[in-house]
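Here are the chains, one letter per residue:
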Amino acid sequence: MHKMINETGKVSCKQGLTDYFHGLFDAAGQTTARGFWYGMLGETLIYGGVLLVFILLTCLAQGPAHALNHFIAISLFIGELPLCLLLECCLVPLVIRRLRDIGLKANGIVLVFIIITVLNALLVRNLIIVAAIINIVLFSLPSNWLQKFKNKRYLRPFIKD
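Residues numbered from 1 in each chain as written. Predicted model: local features only at pLDDT ≥ 70, side-chain atom pairs only at ≥ 80, totals over all residues. Heavy atoms only, no water.

- An unreviewed UniProt entry lists the protein under the name DUF805 domain-containing protein, with Candidatus Paralactobacillus gallistercoris as the source organism.

## Observations regarding the packing of helix H4 (residues 106-121) against helix H5 (residues 125-140)
Helix packing geometry: the angle between the two helix axes and the distance between the axes.
Part 1: Look at H4 against H5: their axes get within 8 Å of each other, and the N-to-C directions meet at 150°. Between H4 and H5, the interaxial angle falls into the category roughly antiparallel. Residue-level contacts link Val112, Ile116, Leu119 and Asn120 of H4 to Leu127, Ile128, Val130, Ala131, Ile134, Asn135 and Leu138 of H5.
Part 2: Residues belonging to the contact of H4 with H5 are distributed by class as follows: nine nonpolar, two polar and no charged. (Axes fitted to C-alpha atoms, helices over the stretch in contact; angles between N-to-C directions. Helix = DSSP H or I, 4+ residues; strand = E, 2+ residues; numbered from the N terminus. Parallel < 35°, antiparallel > 145°, perpendicular 65-115°, else oblique. Contact = heavy atoms within 4.5 Å. Nonpolar A, V, L, I, M, F, W, Y, C, P; charged D, E, K, R; others polar.)

## A closer look at the packing of aromatic side chains
Part 1: One pass over the structure, following the stated rule, counts three aromatic pairs.
Part 2: Between Phe36 and Phe139, the ring centres sit 4.5 Å apart and the planes meet at 35°, which makes this aromatic pair tilted. Here Phe36, found in helix H2 (residues 33-62), pairs with Phe139, found in helix H5; they are 103 residues apart in sequence, far enough to count as distant.
Part 3: For Phe36, a relative accessible area of 2% corresponds to the buried category.
Part 4: With a relative accessible area of 7%, Phe139 lands in the buried category. (Phe/Tyr/Trp six-rings, centres within 6.5 Å; stacked < 30°, edge-to-face > 60°. Buried < 20%, exposed > 50% of the residue type's maximum accessible area, 1.4 Å probe, protein only.)

## Regarding the pattern of salt bridges
Part 1: Here the structure, examined in full by the defined rule, presents one salt bridge.
Part 2: Arg98 is paired through a salt bridge with Asp101; the nearest N and O atoms lie 2.5 Å apart. With a gap of three residues between them, Arg98 and Asp101 both fall in helix H3 (residues 64-102), about one helical turn apart.
Part 3: Judged by relative accessible area, Asp101 falls into the buried class, the value being 1%. (Salt bridge = Lys/Arg side-chain N within 4 Å of Asp/Glu carboxyl O.)

Okay, here's the thing in structure tokens:
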């Protein structure tokens, strides 16, 4: 049985990356802002490394001149799209742990996912930028930040006691 991720205080890069990989498919526990961003760094490094491998394999297989022309089609069909889907699925538990850490209950987490999904699904550039800004601000909030709003009656269903 694996340990539940419960980050508190200052999180080192090593601990943040370790917790990210240990909690890939488990949303139990909490992740601090620093631990979240280290997890995002780990995911970015994985994606960048695999993308670099795709580029190198394409160059070796077809030569540099043809590689750039066919890179997008080959990488999408062979592995980049499945890799993106896998990384997005691995990101969900990290996001849930982070939202729980700032003080949201399950209702609040579902509401955040709905709002961000709707903003991204509308495919309007300005709304996607708004969603990105909301994500950055939300995931950078300190632990238990929403606790100061728990006395607001309209927020009680969404904020932990």
